[in-house]
Protein chains: 2
Amino acid sequence: MTPSGLEALIEALRCLPGIGPKSAQRLAYHLLQRDRTGAQRLGDALLHALAAIRHCQRCNTFSETALCERCASPKRDASLLCVVETPVDMNMMEQTLAYQGLYYVLMGRISPLDGLGPRELGLEHLVARALDGVVEEVILATNFTNEGEATAHYLTAMLRPKGIKVTRIARGVPVGGELEYVDAGTLAQALRERKTSSS
Amino acid sequence: MTPSGLEALIEALRCLPGIGPKSAQRLAYHLLQRDRTGAQRLGDALLHALAAIRHCQRCNTFSETALCERCASPKRDASLLCVVETPVDMNMMEQTLAYQGLYYVLMGRISPLDGLGPRELGLEHLVARALDGVVEEVILATNFTNEGEATAHYLTAMLRPKGIKVTRIARGVPVGGELEYVDAGTLAQALRERKTSSS
């Protein structure tokens, strides 16, 4: 006896990751009872975003224009191409203020369990992008998870034979990190990749 | 440098309870990258539901018609009025198949911390509903939480002086429950409200 529009909304909310039938019901009731303004804004924002947002032709991040602002900027160093998994990761890199090159956003990682292989990620676009004649170094900044590491290995194997310098961001003890609270794997890696101490 | 449509979507997703800025970002990327069909369906469902769904004039539950199916049915016993907090609770009651009366859905509970008092809940509508001359007994089926209990006490104080019989559903050890796994409060209540054993 649930009204059909309400049933459709509950069903539709289940497309959100981590939302099961019970939570979807609760969300629907909350939106209709306590936050109709928010629900209206969300509905509008979804439909607007779907219509307006596509991928930047160069770096593959979300953009409302053919080229995103960053790729269109003449101030960036086009010889450096940093590969990240998501737009969030790109924002994190930007916040360091330590990088002035360009990006390529994979929009995912190789993850066979989720049905995401090299083809689904469109890695051939990245290879084409890296072979534009201007890029001199590809910096792999995928996560240090199993999947991010696998993606980095795969990309190295794809790009190195084409004569492009491929580097990986460093692993080690985080800045401000105390050895006591760092996991053994990180510490072992930091030991293996030790550098001459600056005086 | 986030596209404005994307920013608006991330902001709009934060109206969902329990979704902070990080989760909103992740949800937005998921919807735009991996589930555009779901996002479209959700956007449409939200706007449709907002336009179509209102409250039943009699029982206050969500309905697309002025009277919900249940209130419009001549098969229900109009002398019984069961008060529940949410439409979910009403569905739970219906699933028992043990109740043939009508309902009143509070769409919440008295909860000062959330700014919900008797006025915000529109309890005067419930009183008016209970005084229709047909209702003989109001059964309080709010939750046995602090807020549900407070709501039940408040409703009792409002309705009893008007000469209406007010009852509360029973508290006790759940069917199939083992004493070992029941909390002490429930067990104490079950002891205090003990009944003559049937032979």
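Here, the structure is the one placed above.
Summarised in this report is the structure supplied together with it. The numbering scheme is per chain: residues are counted from 1 as the chain's sequence reads. Chain labels run from A onward and ligand labels from 1 onward, assigned in the order the entries are written. pLDDT decides what is reported in this predicted model: residues at 70 or higher carry local features, side-chain atom pairs at 80 or more are listed and counted, and totals for whole chains, interfaces and linings draw on all residues regardless. Side-chain metrics in this entry use all non-hydrogen atoms of the structure; hydrogen atoms and water are not considered.

1. Here's the deal with the pairing of strand β3 (residues 77–84) of chain A
All names here are of chain A.
Right, on to step 1. Bridge analysis of β3 against strand β4 (residues 101–105) gives five bridges, and the strand direction is parallel. If you follow leucine 81 over to β4, its bridge partner there is leucine 102.
Right, on to step 2. One ladder, built from four bridges, connects β3 with strand β5 (residues 137–140); its direction is parallel. The residue bridging leucine 81 from the neighbouring strand is valine 138, located in β5. Strand pairing follows a simple DSSP-based rule, namely that at least 2 bridges must link the two strands. The numbering of helices and of strands both runs from the N terminus, where a helix is a DSSP run of H or I of at least 4 residues and a strand a run of E of at least 2.

2. Focus on the relation of the copies chain B and chain A
Right, on to step 1. Copy-to-copy alignment: least squares on C-alpha atoms, limited to residues at pLDDT 70 or above in both. Laying chain B over chain A is done by rotating through 179 degrees and shifting 0.0 Å along the axis; what remains is an RMSD of 0.1 Å. Interpreted geometrically, this transformation is the action of a two-fold axis. Closest to the rotation axis within chain B is the C-alpha of B:Gly43, separated from it by 2.1 Å.
Right, on to step 2. Only heavy atoms enter the contact rule, under which two residues are in contact if any of them lie within 4.5 Å. Interface residue correspondence from chain B to chain A reaches 100%, placing this contact among same-surface, isologous pairings.

3. Some words on unusual backbone geometry
Residues and elements named next belong to chain B.
Right, on to step 1. If you check the backbone angles, asparagine 60 has positive phi at about 75 degrees while not being a glycine.
Right, on to step 2. Mapping asparagine 60 onto the fold places it in the loop between β1 (54–55) and β2 (62–63).
Right, on to step 3. Here's how the labels work: a residue is buried when its accessible area is under 20% of the maximum for its type, exposed when over 50%, partly exposed in between, all with a 1.4 Å probe on protein chains only. For asparagine 60, a relative accessible area of 18% puts it in the buried group.
Right, on to step 4. Despite not being glycine, leucine 97 has its phi angle at roughly 60 degrees, a positive value.
Right, on to step 5. Relative to the helices and strands, leucine 97 resides in the loop between α5 (87–95) and β4 (101–105).

4. Quick word on the pairing of β5(A)
Residues and elements named next belong to chain A.
Right, on to step 1. What you see with β5 is no split at all: Glu137 and Ile139 on one side and Val138 and Leu140 on the other are buried throughout.
Right, on to step 2. Sheet analysis places β5 next to strand β6 (residues 165–168), joined by four bridges and oriented parallel. Bridge assignment links leucine 140 to a residue of β6, and that residue is arginine 168.

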